[in-house]
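# Architecture at a glance
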Amino acid sequence: MNTINLTIDKKPVSVPAGTTVLEAARSLGIQIPTLCYLGLHDLNIENKPAGCRICVVEVEGRRNLAPACATDCAEGMVVSTHNIRVLNARRTVMELILSDHPFECLTCAKNGTCDLQSMAQELGIREIHYQGEKSTYRKDTSPSIIRDVDKCILCRRCEMMCNDFQTVGALSGVNRGFQAVVAPAFEMNLEYSSCTYCGQCVAVCPTAALTEVDHTGKVLRALADPGKTVIVQTAPAVRAALGEAFGMEPGTLVTGKMVSALRELGFDHVFDTDFAADLTIMEEGTELLGRLTRFLEGDKQVRLPILTSCCPAWVNFFETYFADMKDIPSTARSPQQMFGSIAKTWFAERIGVNREDLVVVSIMPCLAKKYECQREEFSVDGNPDVDYALTTRELANLIKQANLDLKQLPDSDFDQPMGESTGAAVIFGTTGGVIEAAVRTAYEIHTGKSLNRVDFKELRGLENIRSATVDFNGFPLRIGIAHGLGNARKLLEEIREGKSEYHAIEIMACPGGCIGGGGQPLHHGDSSILKARQKAIYTEDELKVIRKSHENPAIQELYASFLGQPLSEKAHHLLHTHYFEKKKRKVSIG
Amino acid sequence: MTSIKVELKQHQAEKLREVCRSFGNQEGELINVLHKAQGIFGYLPAEVQEMVAEELNVPVARVYGVVTFYSFFSMIPKGRNPISICTGTACYVRGAEKVLDEFRKQLSIGIGETTPDGKFSINCLRCVGACGLAPVVMIGEKTYGRVAPDEVKAILKEYEND
Ligand code: SF4
Ligand code: SF4
Ligand code: SF4
Ligand code: FES
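Residues numbered from 1 in each chain as written. Chains lettered and ligands numbered in written order. Predicted model: local features only at pLDDT ≥ 70, side-chain atom pairs only at ≥ 80, totals over all residues. Heavy atoms only, no water.

### Some details on the sheet that holds strand 8 (residues 140-141) of chain A
All names here are of chain A. With antiparallel pairing, the three strands of this open sheet are ordered in space as 8-9-12. One side of each edge strand has no neighbouring strand; the edge strands of this open sheet are strand 8 and strand 12 (210-212). Examined bridge by bridge, strand 9 (residues 145-147) and strand 12 share three bridges and lie antiparallel to one another. Bridge pairing in strand 12 links I145 to E212. (Pairing = 2+ DSSP bridges. Helix = DSSP H or I, 4+ residues; strand = E, 2+ residues; numbered from the N terminus.)

Here's what the structure looks like:
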């Protein structure tokens, strides 16, 4: 028998065997509170250490209360989720957690978005009956992420993301008892660990134990400086999520309102990273075609599959774990960096501003981009191509500080020329999008024919690893797609073993791609939010008049007046990069 | 955390790899491998943990997590003259704790620690089976019986030129 019948809060319910009490209750609309538990089921991500015990329920006939998140339903079970015994137990658990938590809510980076805070509110905690010593630990700041371990409640969600989903293993529970913390090996700073800055630990941390490095102050100062021209670029995934920070439904596209907000904030030019995404396709697509042509001509030396290179966390990952294969990824820089490079050369010249007086700000769904823009190779004489990378969340804060209500702002258009983009660029924001965009352009250039359908639905979805074959004029081009570094690792190991069947592979570090980036409004474990954002991205693509990167008129002009051809010497110099072997950081800490 | 930088010598590294191999380089054998490794090196410096992580293909953060979870594992090398004080029942009853306190005071280190010059370290032992001599202290191979706190100074003096 596969169906199990039970009663929860006097309501009968039938569920498939293996369903937890938590899930069964949710199917009845009963929201049992959880803290350590996290389930993103569409992505096969689950954290179930049964550690916090906030989700306890009473099961008739059992002596002890049971954690709903880790208790399977059984035939005939009678469950109460909110009797006095349960409520008291839950309150005790909460008070115990809070007795070792700093009371800094008013000035905390997570104020208003913290799960612990909202749980305390829901449980009606008014007093803490337990007093004790509070654990303290040093703060750790890296280029992207701040660790404030004093705020850690040891839910281990970060550890699960870093170990199971990303297979990076930068974080682990160390020490025990009162000294227990989640930390990198030897408790070194994150910066010296194998961390890729994907930010997925930050994305799931219920408290402010893990947060992004905040650069809003620096951006405000630049905006206030009359000597500076400050321009901004916004990544595709931002417009599909920013609205959530203003109470809008997940999946609401706010492109036009976001542009208005950025103008109100005082940016001199409001541009689009999508412009640079189209540029990326020109370079990366040409590179793909070049390798493919050589392959078809029988060149045995040619490195295939080619791997996309626009996700900086992914770049960090292969520089650490697959440095022996660093000639396989495309050498194309990420759209963020291509934008910065073109802005501080071509555009700066056009408007007659010195590089030093031009400040390039980017709005990203991403924490790795904060690190990326600080990489030395992306600067000229110490002046970075991109000065500051803010997250979607930081932008939301700036908009609120400026007393703007995003919902009420009118729609407006990006500035020209670096605001012009195509539908192909928009879909960079989701897993599968970069390769679909590349296929649209590479197909037309390779075959000389125009595509009669631009939607490659076979490349879309949220499955961890996807593959599809696209007919390139008789040649079956085999494509692989992975999101999440653990999934990427599988494809990479196949290549290393010489077993890979693919010609091109797209990799994104975050679940769902950038829509699920570490800098996005928090999903609080609800994967339907990621799905809604993904849908929004494809809608924006469909709404675009031009949907192929090589047809972007601003890009065509950029090549005609400045770059020459894709992969020209100038393009190589400004738009491509090389990779380094990151030592699997041997301990050199003391 | 104290970190002591050591380069693993070639033969030590080989020995460690051999240990990992003898456990089939299995992730699940991590604790057993670490146990053996501590037997070889006396402690588990960062370099040893890194090598174990590489051989068993587990993140080094996780290895460190295990090392810091079990008090049996140590990241600090024992002193050249490791002092072991029996705190079994018989020794305890006859004042082992006072003796222990005196050693700690004289050397300014705690249990499980090593003096900065690497000369002494202090550890506690469960009953060593010499109850007739309680309280018992061992320094290296040498055993001292019926130790009184006021003898500690003289005992340490024996190692003056070590
Ligand atoms: S940013 Fe990514 S790689 Fe770094 S610790 Fe967090 S989850 Fe791990
Ligand atoms: S750092 Fe955050 S996610 Fe990680 S264990 Fe602590 S509270 Fe949980
Ligand atoms: S998938 Fe996107 S958001 Fe995530 S690390 Fe990569 S570029 Fe950043
Ligand atoms: S949510 Fe169930 S034990 Fe933490």
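So, next bit.
### Considerations on the site of ligand 1
Close contacts around ligand 1 come from I145, C162, V168, A170, L171, C195, T196, Y197, C198, G199 and C201 of chain A, and that covers them all. Class assignment for the residues of the shell around ligand 1 results in nine nonpolar, two polar and no charged. (Near = heavy atom within 4 Å. Nonpolar A, V, L, I, M, F, W, Y, C, P; charged D, E, K, R; others polar.)

### Quick word on the domain arrangement of chain A
Interface size is often expressed as the accessible area that is lost when the parts come together. Residue and element names in this part refer to chain A. Per the domain assignment, the segments making up chain A are domain 1 (3-82), domain 2 (97-212), domain 3 (230-275 + 336-413) and domain 4 (280-333 + 421-575). Domain 1 puts eight residues into the contact, and the matching count from domain 4 is eleven residues. Across the interface of domain 1 and domain 4, roughly 690 Å² is buried in total on both sides, 61% from carbon and sulfur atoms. By the criterion of area lost to domain 4, the three top residues of domain 1 are L40, D42 and L43, representing 76% of everything that side buries. (Domains from an automatic or database assignment. Contact = heavy atoms within 4.5 Å. Buried area = accessible area lost by both parts, 1.4 Å probe.)

### Overview of the environment of L265 of chain A
All names here are of chain A. Locating L265 in the fold gives a position in helix 7 (residues 255-265). The class of L265 is buried, set by a relative accessible area of 14%. C-alpha separation for the pair L265 and R62, spaced 203 residues apart in sequence, amounts to 59 Å. Every residue in contact with L265, bar those within four places of it in the chain, is listed here: L223, L395, L398, I399 and A402. (Buried < 20%, exposed > 50% of the residue type's maximum accessible area, 1.4 Å probe, protein only.)

### Digging into the nonpolar core
In terms of nonpolar packing, the biggest core is built from 91 residues, with L242, F267, W314, V361, I399 and L406 of chain A touching the most fellow members. Looking at this core, the element that brings in the most residues is helix 9 (residues 312-321) of chain A, giving six residues. Once residues lying within four places of it in the same chain are set aside, the contact partners of F267 of chain A are V219, L223, V230, I231, V232, L262 and V361 of chain A. Formed by 33 residues, the second largest nonpolar core is a distinct cluster that contains L16, M51, A53 and V63 of chain B. (Core = buried A, V, L, I, M, F, W, Y, C linked by side-chain atoms within 4.5 Å.)

### Concerning the side chain of T447 of chain A
Residues and elements named next belong to chain A. By the secondary structure assignment, T447 is in helix 14 (residues 433-447). On the basis of relative accessibility, which here comes to 13%, the residue T447 falls in the buried class. Among the polar contacts listed, one links the side chain of T447 to the backbone oxygen of Y443, at a separation of 2.7 Å. Beyond its immediate chain neighbours, meaning those up to four positions away, T447 contacts F472 and N473. (Polar contact = N/O pair within 3.5 Å; in protein donor to acceptor, adjacent residues only side chain to side chain.)

### Quick notes on the domain arrangement of chain B
Domain annotation for chain B reports domain 1 (10-69) and domain 2 (81-157). Using only C-alpha atoms to locate each centre, domain 1 of chain B and domain 2 of chain B end up separated by 30 Å.

### Details of the site of ligand 2
Around ligand 2, a shell composed of C152, I153, L154, C155, R156, C158, V182, C205, P206, T207, A209 and L210 of chain A is seen. Among the residues making up the shell around ligand 2, the classes are represented as ten nonpolar, one polar and one charged.

### So, the confidence of the model for chain B
All names here are of chain B. On average, residues of chain B score 88 in pLDDT, and 96% of them are at 70 or above. Low pLDDT, under 50, characterises residues 1-5; the predicted model gives this stretch 14 contacts beyond four residues in sequence or across chains. Among the prediction metrics, the complex's ipTM stands at 0.82, with pTM recorded as 0.90. (pLDDT = per-residue confidence, 0-100.)

### Points about the sheet that holds strand 14 (residues 269-272) of chain A
Residues and elements named next belong to chain A. Read across the sheet, four strands follow the order 14-13-16-19 without closing on themselves; strand pairing throughout is parallel. The sheet terminates laterally at strand 14 and strand 19 (388-391), the two strands that pair on one side only. In this sheet, neighbouring strand axes are inclined to one another by 25° on average, regardless of whether the strands run parallel or antiparallel. Judged from the six bridges that link them, strand 13 (residues 229-234) and strand 16 (residues 358-364) form a sheet pairing that is parallel. Note on strand 16: the bridge partner recorded for V230 is V359. Relative to the sheet, helix 12 (residues 392-401) contacts strand 16 and strand 19, its axis offset from that of strand 19 by approximately 85°. (Axes fitted to C-alpha atoms, helices over the stretch in contact; angles between N-to-C directions.)

### A short note on the packing of helix 2 (residues 30-41) of chain B against helix 3 (residues 46-56) of chain B
All names here are of chain B. At a closest axis distance of 11 Å, the pairing of helix 2 and helix 3 adopts a crossing angle of 145°. For the pair helix 2 and helix 3, the sense of crossing is right-handed. When helix 2 is examined against helix 3, the residues L30, V33, L34, A37 and F41 are found in contact with a partner set consisting of V48, V52 and L56. When grouped by side-chain class, the residues that make up the contact of helix 2 with helix 3 number eight nonpolar, no polar and no charged. (Left-handed = near helix turned anticlockwise from the far one by under 90°.)

### Details of helix 9 of chain A
Residue and element names in this part refer to chain A. Within helix 9, ten of the ten residues are buried, which leaves the element mostly enclosed by the surrounding structure. P312, A313, W314, V315, N316, F317, F318, E319, T320 and Y321 are the residues of helix 9 that are buried. Residues of helix 9 that are buried in the fold lie against strand 15 (306-307), helix 11 (368-372), helix 15 (485-496) and strand 22 (504-508).

### A look at the packing of helix 1 (residues 10-22) of chain B against helix 3 of chain B
The description of two packed helices rests on the angle between their axes and on the distance between the axes. All names here are of chain B. Two elements in contact, helix 1 and helix 3, have axes whose closest approach is 10 Å; the angle formed by their N-to-C orientations is 40°. In this view, helix 1 runs oblique relative to helix 3, as classed from their interaxial angle. Helix 1 and helix 3 meet at a crossing whose hand is right-handed. The residues of helix 3 that touch helix 1, namely those facing A13, L16, R17 and C20, are V48, M51, V52, E55 and L56. (Parallel < 35°, antiparallel > 145°, perpendicular 65-115°, else oblique.)

### Considering the pairing of strand 1 (residues 81-86) of chain B
Along a regular strand, successive side chains alternate from one face of the sheet to the other. Residues and elements named next belong to chain B. Most of strand 1 is tucked away: five of the six residues are buried. Both strand 1 and strand 2 (residues 120-125) contribute to a ladder of six bridges, which runs parallel. Its bridge partner lying in strand 2, I83 is registered against I122. By the bridge criterion, three bridges tie strand 1 to strand 3 (residues 137-139) in an arrangement that is antiparallel. From the neighbouring strand, I83 faces strand 3, where its bridge partner is I139.

### With respect to the side chain of K257 of chain A
All names here are of chain A. Its location among the elements puts K257 in helix 7. Nearest to the buried, unbridged K257 among oppositely charged side chains is D411, at 4.3 Å. Side-chain polar atoms of K257 contact the backbone oxygen of K407, separated by 3.3 Å. With residues up to four places along the chain from it excluded, the contact list for K257 reads M248, L406, K407, L409, P410 and D411. (Lys, Arg positive; Asp, Glu negative; His and termini not counted. Salt bridge = Lys/Arg side-chain N within 4 Å of Asp/Glu carboxyl O.)

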